[in-house]
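# Examining the three-dimensional arrangement
The primary structure of each chain is shown beneath.
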Amino acid sequence: SQTIHQWPATLVQPVGSPLSLECTVEGTSNPNLYWYRQAAGRGLQLLFYSVGIGQISSEVPQNLSASRPQDRQFILSSKKLLLSDSGFYLCAWTQSGLERETQYFGPGTRLLVL
Amino acid sequence: ILNVEQSPQSLHVQEGDSTNFTCSFPSSNFYALHWYRWETAKSPEALFVMTLNGDEKKKGRISATLNTKEGYSYLYIKGSQPEDSATYLCVPSAAGNKLTFGGGTRVLVKP
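Residues numbered from 1 in each chain as written. Chains lettered and ligands numbered in written order. Predicted model: local features only at pLDDT ≥ 70, side-chain atom pairs only at ≥ 80, totals over all residues. Heavy atoms only, no water.

Our focus in this paragraph is a nonpolar patch on the surface. Residue and element names in this part refer to chain A. Where nonpolar side chains cluster on the molecular surface, the patch consists of Val12, Leu112 and Leu114 and spans about 290 Å² of accessible area. Along the chain, leucine 114 turns up in the segment after β11 (109-113). Classification of leucine 114 as exposed rests on a relative accessible area of 58%. (Patch = residues over 30% accessible without salt bridge, like charges linked within 9 Å, V, L, I, M, F, W, Y side chains within 5 Å. Areas by Shrake-Rupley, 256 points an atom, 1.4 Å probe, with all protein chains shown as cover. Salt bridge = Lys/Arg side-chain N within 4 Å of Asp/Glu carboxyl O. Helix = DSSP H or I, 4+ residues; strand = E, 2+ residues; numbered from the N terminus. Buried < 20%, exposed > 50% of the residue type's maximum accessible area, 1.4 Å probe, protein only.)

Right, let's talk about the interface of chain B and chain A for a bit. Chain B puts 21 residues into the contact, and the matching count from chain A is 23 residues. When the two sides are added together, the surface that chain B and chain A hide from each other amounts to roughly 1600 Å², 61% of it contributed by carbon and sulfur. For the interface between chain B and chain A, the tally reads 0 salt bridges. At the junction of chain B and chain A, the tally comes to 2 residue pairs in polar contact (both at pLDDT 80 or more). By residue number, the principal contributor to the side of chain B that touches chain A is strand β4 (residues 33-38) of chain B, which donates 3 residues. (Contact = heavy atoms within 4.5 Å. Buried area = accessible area lost by both parts, 1.4 Å probe. Polar contact = N/O pair within 3.5 Å; in protein donor to acceptor, adjacent residues only side chain to side chain.)

Bringing unusual backbone geometry into the picture now. At the junction of Trp7(A) and Pro8(A), the peptide bond is cis and its omega measures out at 0° in the coordinates. Tracing the backbone shows Pro8(A) in the loop between β1 (3-7) and β2 (10-13). In this structure, the amide linkage connecting Ser7(B) to the following residue, Pro8(B), adopts the cis form with an omega of -5°. Its location among the elements puts Pro8(B) in the loop between β1 (5-7) and β2 (10-14). The phi dihedral of Asn30(A) falls on the positive side, at around 50°, and the residue is not glycine. Of note, Asn30(A) is situated in the loop between β3 (19-26) and β4 (32-38).

Okay, here's the thing in structure tokens:
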């Protein structure tokens, strides 16, 4: 069966510090991968998605970047965190880009920028 | 970006009662509609994916219907239990399976 992992589970970082959140998927190959964020009081927003190694699409302009160095690894990064980067970050995967396929979410990372 | 509206934003249900709520979405360029259940401090749990007009799906006491021509879906909870308390998200897919999440309907089941 497939599983999706995210770490760390929680993170407190000062403004201006770098960020690296990791997401890995097991039990499948060549998945589509997605990063979402829930800011305080708001719904989930798609940040990035990837259809393969090295292929990243950004949905919204922001202070973050994403990379996919391996087939089942998706990394969310920032060089300098802003207060507005605080939120709950969720990674998701699906087997392909077909719209009828369910996206499965990881446990999430709660980030607080102070 | 797909506009999705869920109504009501929140509702309180007495344990044992049944309830339902609505999702409205653009009927043009429809691909699929996903329903998720999201409990606080957890990750969203997939309930259904619906693609065809007239689709009806059921999972335990939870069921959903889909009308793609008029752009709405209903989710029903039969005999609500406290563990049904969560936010229920109706999520249309855009091309490439990019999901647009709204605020959802927050359900609180009171014992």
